[in-house]
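Letter by letter, the chains look like this.
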Amino acid sequence: MSGVRTCYVNPAMADETAPKPQRQYDEKPTRRMVDLDPAGLISRKAPDQAKRQFLNYSFYKLDPAFRRLPKEELEAAKAEFAQVCEHWAERGEGFILRTYSLVGLRAEVDFMLWRASFDVQDFQAMQREINRTVLAGYLTQPYSFLSMQKRSIYVDRFNPEGEGVHLRPGEGSYLFVYPFVKTRAWYNLSPQARQGMMDEHIYVSAPFTGVTLNTSYSYGIDDQEFVVAFDSNYPQEFVDLVQRLRFTEASLYTLRDTPMFTCVKKGIREALDDLA
(Lines give C-alpha, C1' and ligand atoms only; values in the text may rest on other atoms or scores of the structure.)
Protein backbone atom coordinates (compact mmCIF):
# COMPACT_ATOMS: atom_id res chain seq x y z
CA MET A 1 0.00 0.00 0.00
CA SER A 2 3.03 2.24 0.27
CA GLY A 3 2.96 3.04 -3.44
CA VAL A 4 -0.71 3.82 -3.52
CA ARG A 5 -1.82 7.41 -3.24
CA THR A 6 -5.27 8.08 -1.85
CA CYS A 7 -7.05 11.16 -3.20
CA TYR A 8 -9.94 12.84 -1.44
CA VAL A 9 -12.34 14.77 -3.62
CA ASN A 10 -14.17 17.83 -2.25
CA PRO A 11 -17.87 17.12 -2.86
CA ALA A 12 -18.38 20.79 -3.70
CA MET A 13 -15.94 20.40 -6.57
CA ALA A 14 -17.37 17.17 -7.89
CA ASP A 15 -18.54 17.16 -11.49
CA GLU A 16 -19.07 20.87 -12.08
CA THR A 17 -20.54 20.04 -15.45
CA ALA A 18 -23.52 18.26 -13.92
CA PRO A 19 -26.84 20.16 -14.25
CA LYS A 20 -27.72 22.17 -11.17
CA PRO A 21 -31.23 22.55 -9.79
CA GLN A 22 -32.87 25.83 -10.83
CA ARG A 23 -33.39 28.37 -8.09
CA GLN A 24 -37.06 29.27 -7.70
CA TYR A 25 -37.59 33.03 -8.08
CA ASP A 26 -40.93 34.77 -7.93
CA GLU A 27 -40.77 38.47 -8.73
CA LYS A 28 -42.77 40.56 -6.32
CA PRO A 29 -45.51 42.54 -8.06
CA THR A 30 -44.57 46.22 -8.00
CA ARG A 31 -45.81 49.40 -9.64
CA ARG A 32 -43.52 51.28 -11.95
CA MET A 33 -42.96 54.74 -10.55
CA VAL A 34 -41.27 56.14 -13.65
CA ASP A 35 -42.62 56.05 -17.18
CA LEU A 36 -39.39 55.39 -19.08
CA ASP A 37 -41.03 55.92 -22.46
CA PRO A 38 -43.42 58.90 -22.08
CA ALA A 39 -43.38 59.63 -25.81
CA GLY A 40 -44.29 56.03 -26.69
CA LEU A 41 -41.40 55.78 -29.16
CA ILE A 42 -40.26 52.36 -27.97
CA SER A 43 -43.35 50.70 -26.56
CA ARG A 44 -45.68 52.03 -29.26
CA LYS A 45 -48.43 52.50 -26.70
CA ALA A 46 -51.91 52.00 -28.02
CA PRO A 47 -54.20 55.04 -27.91
CA ASP A 48 -56.55 55.17 -24.93
CA GLN A 49 -60.11 55.58 -26.19
CA ALA A 50 -61.86 54.95 -22.87
CA LYS A 51 -64.38 57.60 -21.83
CA ARG A 52 -63.09 60.37 -19.60
CA GLN A 53 -64.67 63.40 -17.99
CA PHE A 54 -64.32 66.77 -19.66
CA LEU A 55 -64.11 69.77 -17.37
CA ASN A 56 -65.04 73.38 -18.09
CA TYR A 57 -64.36 76.40 -15.90
CA SER A 58 -66.45 79.29 -17.29
CA PHE A 59 -65.96 82.75 -15.80
CA TYR A 60 -68.55 85.50 -16.38
CA LYS A 61 -68.53 89.27 -15.99
CA LEU A 62 -71.67 91.38 -15.59
CA ASP A 63 -72.26 94.60 -17.51
CA PRO A 64 -73.09 97.33 -14.92
CA ALA A 65 -75.99 98.38 -17.17
CA PHE A 66 -77.88 95.36 -15.82
CA ARG A 67 -78.04 96.99 -12.38
CA ARG A 68 -79.90 99.97 -13.83
CA LEU A 69 -82.85 97.85 -15.00
CA PRO A 70 -86.16 98.18 -13.15
CA LYS A 71 -86.13 95.91 -10.10
CA GLU A 72 -88.89 93.64 -11.45
CA GLU A 73 -87.01 93.02 -14.72
CA LEU A 74 -83.75 92.50 -12.87
CA GLU A 75 -85.20 89.89 -10.52
CA ALA A 76 -87.04 88.11 -13.34
CA ALA A 77 -83.80 87.88 -15.36
CA LYS A 78 -81.91 86.43 -12.41
CA ALA A 79 -84.66 83.88 -11.77
CA GLU A 80 -84.68 82.81 -15.42
CA PHE A 81 -80.91 82.30 -15.41
CA ALA A 82 -81.04 80.39 -12.11
CA GLN A 83 -83.69 78.03 -13.46
CA VAL A 84 -81.43 77.07 -16.36
CA CYS A 85 -78.56 76.31 -14.00
CA GLU A 86 -80.74 74.38 -11.56
CA HIS A 87 -82.16 72.29 -14.40
CA TRP A 88 -78.66 71.29 -15.49
CA ALA A 89 -77.50 70.68 -11.93
CA GLU A 90 -80.27 68.07 -11.57
CA ARG A 91 -79.71 66.51 -14.98
CA GLY A 92 -77.62 63.52 -13.87
CA GLU A 93 -76.16 61.25 -16.58
CA GLY A 94 -72.66 62.07 -15.37
CA PHE A 95 -73.14 65.84 -15.62
CA ILE A 96 -71.90 67.85 -12.63
CA LEU A 97 -72.36 71.58 -12.00
CA ARG A 98 -70.91 73.71 -9.20
CA THR A 99 -71.39 77.48 -8.94
CA TYR A 100 -69.06 80.06 -7.39
CA SER A 101 -69.01 83.79 -6.72
CA LEU A 102 -65.96 86.02 -7.28
CA VAL A 103 -67.68 89.35 -6.61
CA GLY A 104 -65.28 91.62 -4.76
CA LEU A 105 -62.41 89.16 -5.16
CA ARG A 106 -61.39 89.65 -8.79
CA ALA A 107 -61.94 92.71 -10.96
CA GLU A 108 -62.57 91.13 -14.35
CA VAL A 109 -64.92 88.27 -13.35
CA ASP A 110 -68.01 87.99 -11.12
CA PHE A 111 -68.98 84.31 -11.03
CA MET A 112 -67.88 80.92 -12.31
CA LEU A 113 -69.61 77.73 -13.46
CA TRP A 114 -67.59 74.55 -12.95
CA ARG A 115 -68.98 71.83 -15.20
CA ALA A 116 -68.00 68.19 -15.70
CA SER A 117 -69.36 65.76 -18.28
CA PHE A 118 -68.33 62.75 -20.34
CA ASP A 119 -69.69 64.56 -23.41
CA VAL A 120 -68.15 67.92 -24.26
CA GLN A 121 -71.28 68.83 -26.21
CA ASP A 122 -73.18 69.08 -22.92
CA PHE A 123 -71.26 72.29 -22.25
CA GLN A 124 -72.43 73.66 -25.59
CA ALA A 125 -76.02 72.64 -24.94
CA MET A 126 -76.07 74.33 -21.53
CA GLN A 127 -74.41 77.46 -22.90
CA ARG A 128 -76.99 77.57 -25.69
CA GLU A 129 -79.76 77.72 -23.08
CA ILE A 130 -77.86 80.36 -21.11
CA ASN A 131 -77.43 82.47 -24.26
CA ARG A 132 -81.21 82.62 -24.68
CA THR A 133 -81.75 84.22 -21.27
CA VAL A 134 -82.15 87.96 -20.70
CA LEU A 135 -79.19 88.02 -18.30
CA ALA A 136 -76.87 86.59 -20.95
CA GLY A 137 -77.28 89.83 -22.90
CA TYR A 138 -75.43 91.56 -20.06
CA LEU A 139 -72.67 88.97 -19.61
CA THR A 140 -69.22 88.57 -21.10
CA GLN A 141 -66.96 85.55 -20.68
CA PRO A 142 -63.38 86.74 -20.03
CA TYR A 143 -62.10 83.22 -19.37
CA SER A 144 -63.19 79.68 -20.18
CA PHE A 145 -60.83 76.75 -19.61
CA LEU A 146 -61.42 73.30 -21.10
CA SER A 147 -59.65 70.21 -19.77
CA MET A 148 -59.97 66.45 -19.27
CA GLN A 149 -59.49 64.04 -16.38
CA LYS A 150 -56.45 61.78 -16.72
CA ARG A 151 -54.38 59.62 -14.37
CA SER A 152 -51.19 61.34 -13.23
CA ILE A 153 -48.02 59.48 -14.21
CA TYR A 154 -46.16 60.68 -11.11
CA VAL A 155 -48.06 59.58 -8.02
CA ASP A 156 -48.32 55.78 -8.16
CA ARG A 157 -45.69 55.35 -5.42
CA PHE A 158 -47.81 57.30 -2.96
CA ASN A 159 -51.32 56.56 -4.16
CA PRO A 160 -51.88 53.26 -6.00
CA GLU A 161 -55.03 54.59 -7.62
CA GLY A 162 -53.27 57.64 -8.98
CA GLU A 163 -54.22 61.27 -8.58
CA GLY A 164 -56.67 62.49 -11.16
CA VAL A 165 -58.67 59.28 -11.44
CA HIS A 166 -61.63 60.34 -9.32
CA LEU A 167 -62.98 63.87 -9.52
CA ARG A 168 -64.23 65.28 -6.22
CA PRO A 169 -65.75 68.62 -7.16
CA GLY A 170 -66.95 71.30 -4.81
CA GLU A 171 -66.22 69.67 -1.45
CA GLY A 172 -64.73 72.81 0.07
CA SER A 173 -66.09 76.30 0.64
CA TYR A 174 -63.37 77.68 -1.63
CA LEU A 175 -61.98 76.68 -5.00
CA PHE A 176 -58.63 78.05 -6.17
CA VAL A 177 -58.25 77.74 -9.94
CA TYR A 178 -55.50 78.58 -12.40
CA PRO A 179 -54.20 77.47 -15.81
CA PHE A 180 -50.74 75.94 -15.76
CA VAL A 181 -47.99 75.55 -18.38
CA LYS A 182 -44.60 73.84 -17.98
CA THR A 183 -41.45 75.00 -19.77
CA ARG A 184 -40.22 72.99 -22.77
CA ALA A 185 -37.07 72.25 -20.76
CA TRP A 186 -39.24 70.15 -18.41
CA TYR A 187 -40.06 67.72 -21.19
CA ASN A 188 -36.38 67.48 -22.14
CA LEU A 189 -35.47 66.09 -18.70
CA SER A 190 -35.03 62.37 -18.19
CA PRO A 191 -38.06 60.51 -16.82
CA GLN A 192 -36.12 59.75 -13.65
CA ALA A 193 -35.26 63.44 -13.10
CA ARG A 194 -38.89 64.51 -13.52
CA GLN A 195 -40.10 61.75 -11.21
CA GLY A 196 -37.60 62.80 -8.54
CA MET A 197 -38.79 66.40 -8.65
CA MET A 198 -42.42 65.34 -8.50
CA ASP A 199 -41.65 63.05 -5.55
CA GLU A 200 -40.36 66.12 -3.73
CA HIS A 201 -43.40 68.12 -4.82
CA ILE A 202 -45.80 65.45 -3.53
CA TYR A 203 -43.83 64.97 -0.29
CA VAL A 204 -43.93 68.71 0.45
CA SER A 205 -47.70 68.79 -0.22
CA ALA A 206 -48.52 65.78 1.97
CA PRO A 207 -49.00 67.62 5.30
CA PHE A 208 -51.65 69.92 3.80
CA THR A 209 -54.54 67.54 4.28
CA GLY A 210 -57.12 70.34 4.28
CA VAL A 211 -56.52 70.96 0.57
CA THR A 212 -57.79 68.62 -2.17
CA LEU A 213 -56.16 68.83 -5.60
CA ASN A 214 -58.10 68.30 -8.84
CA THR A 215 -55.61 68.46 -11.73
CA SER A 216 -56.95 68.09 -15.26
CA TYR A 217 -55.19 68.03 -18.63
CA SER A 218 -55.59 70.35 -21.62
CA TYR A 219 -52.94 69.14 -24.07
CA GLY A 220 -54.22 69.98 -27.54
CA ILE A 221 -57.73 71.05 -26.50
CA ASP A 222 -56.97 74.48 -24.97
CA ASP A 223 -54.10 76.95 -24.66
CA GLN A 224 -52.85 75.75 -21.24
CA GLU A 225 -51.42 72.30 -20.50
CA PHE A 226 -53.27 71.80 -17.21
CA VAL A 227 -56.04 73.36 -15.18
CA VAL A 228 -55.26 73.14 -11.47
CA ALA A 229 -58.15 73.42 -9.01
CA PHE A 230 -57.69 73.20 -5.22
CA ASP A 231 -60.73 72.55 -3.02
CA SER A 232 -60.45 73.70 0.60
CA ASN A 233 -62.18 75.20 3.61
CA TYR A 234 -58.95 76.87 4.66
CA PRO A 235 -57.55 79.65 2.44
CA GLN A 236 -54.68 80.14 4.89
CA GLU A 237 -53.60 76.53 4.39
CA PHE A 238 -53.68 76.94 0.61
CA VAL A 239 -51.52 80.10 0.78
CA ASP A 240 -48.93 78.27 2.90
CA LEU A 241 -48.98 75.29 0.53
CA VAL A 242 -48.33 77.41 -2.55
CA GLN A 243 -45.57 79.32 -0.79
CA ARG A 244 -43.85 76.10 0.26
CA LEU A 245 -44.06 74.68 -3.26
CA ARG A 246 -42.17 77.72 -4.57
CA PHE A 247 -39.05 76.29 -2.91
CA THR A 248 -39.21 72.95 -4.74
CA GLU A 249 -37.05 72.17 -7.74
CA ALA A 250 -40.03 71.49 -10.01
CA SER A 251 -41.15 75.12 -9.65
CA LEU A 252 -38.13 76.16 -11.74
CA TYR A 253 -39.91 74.63 -14.73
CA THR A 254 -43.15 76.62 -14.43
CA LEU A 255 -43.72 78.81 -17.48
CA ARG A 256 -47.14 80.20 -16.51
CA ASP A 257 -49.55 79.73 -13.59
CA THR A 258 -51.73 82.83 -13.86
CA PRO A 259 -54.37 84.19 -13.68
CA MET A 260 -55.27 82.75 -10.29
CA PHE A 261 -58.89 82.79 -9.16
CA THR A 262 -60.26 82.57 -5.62
CA CYS A 263 -63.83 81.26 -5.94
CA VAL A 264 -66.37 81.11 -3.11
CA LYS A 265 -68.87 78.25 -3.38
CA LYS A 266 -72.46 79.50 -3.42
CA GLY A 267 -75.77 78.37 -4.82
CA ILE A 268 -76.58 80.00 -8.16
CA ARG A 269 -79.30 82.25 -6.71
CA GLU A 270 -76.98 83.51 -3.98
CA ALA A 271 -74.21 84.07 -6.51
CA LEU A 272 -76.60 86.07 -8.70
CA ASP A 273 -77.69 88.13 -5.71
CA ASP A 274 -74.06 89.17 -5.34
CA LEU A 275 -74.28 90.68 -8.83
CA ALA A 276 -77.28 92.95 -8.36
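So, a few notes on the structure that sits alongside this text. In this text, all values refer to a predicted model and were calculated from it rather than measured experimentally.

### Regarding the packing of aromatic side chains
- In total, this model carries 21 aromatic pairs according to the counting rule given.
- Here Tyr178 and Phe230 contribute two aromatic rings whose centre-to-centre distance is 6.1 Å and whose plane-to-plane angle is 25°, an arrangement assigned as stacked. Here Phe230 lies in strand E7 (residues 226–232) and Tyr178 lies in strand E5 (residues 174–182), a separation of 52 residues in the sequence.
- These aromatic residues form a ring-pair network of at least three members: Tyr174, Phe176, Tyr178, Phe180, Tyr217, Tyr219, Phe226, Phe230 and Phe238.
- Sitting above the plane of the Phe261 ring, Arg106 keeps its charged end 5.0 Å from the centroid.
- Over the ring of Trp186 we find Lys182; its NZ or CZ atom is 4.0 Å from the centre of that ring.

### What about unusual backbone geometry?
- In the segment running from Thr258 into Pro259, the intervening peptide bond is cis, with an omega of 0°.
- Looking at where Pro259 falls in the secondary structure, it is placed in the loop between strand E8 (254–256) and strand E9 (261–265).
- Positioned with a positive phi, Arg44 is a non-glycine residue whose angle comes to about 50°.
- Checked against the element boundaries, Arg44 lands in the segment before strand E1 (54–62).
- Among the residues examined, Arg44 registers a relative accessible area of 65% and is labelled exposed.

### So, helix H1 (residues 71–89)
- In this model H1 runs 27 Å from its N-terminal to its C-terminal C-alpha over 19 residues, within 8% of the 27 Å that 1.5 Å per residue would give.
- Along H1, the residues classified as buried are Leu74, Ala77, Lys78, Phe81, Ala82, Val84, Cys85 and Trp88. Down the axis of H1, the smallest arc covering the buried residues is 155°, so these residues share one side. Pointing more than 90 degrees away from the buried face of H1 are the exposed residues Glu72 and Gln83.
- For H1, the elements touching its buried residues are strand E2 (96–101), strand E3 (111–117), helix H2 (121–131), strand E4 (139–148) and helix H6 (268–275).

Reading the values: rules and limits
- Residues numbered from 1 in each chain as written.
- Predicted model: local features only at pLDDT ≥ 70, side-chain atom pairs only at ≥ 80, totals over all residues.
- Heavy atoms only, no water.
- Phe/Tyr/Trp six-rings, centres within 6.5 Å; stacked < 30°, edge-to-face > 60°.
- Helix = DSSP H or I, 4+ residues; strand = E, 2+ residues; numbered from the N terminus.
- Lys NZ or Arg CZ within 6 Å of the ring centre and 35° of its normal.
- Buried < 20%, exposed > 50% of the residue type's maximum accessible area, 1.4 Å probe, protein only.
- Expected span 1.5 Å × (residues − 1).
- Arc of directions from axis to C-beta.
- Contact = heavy atoms within 4.5 Å.

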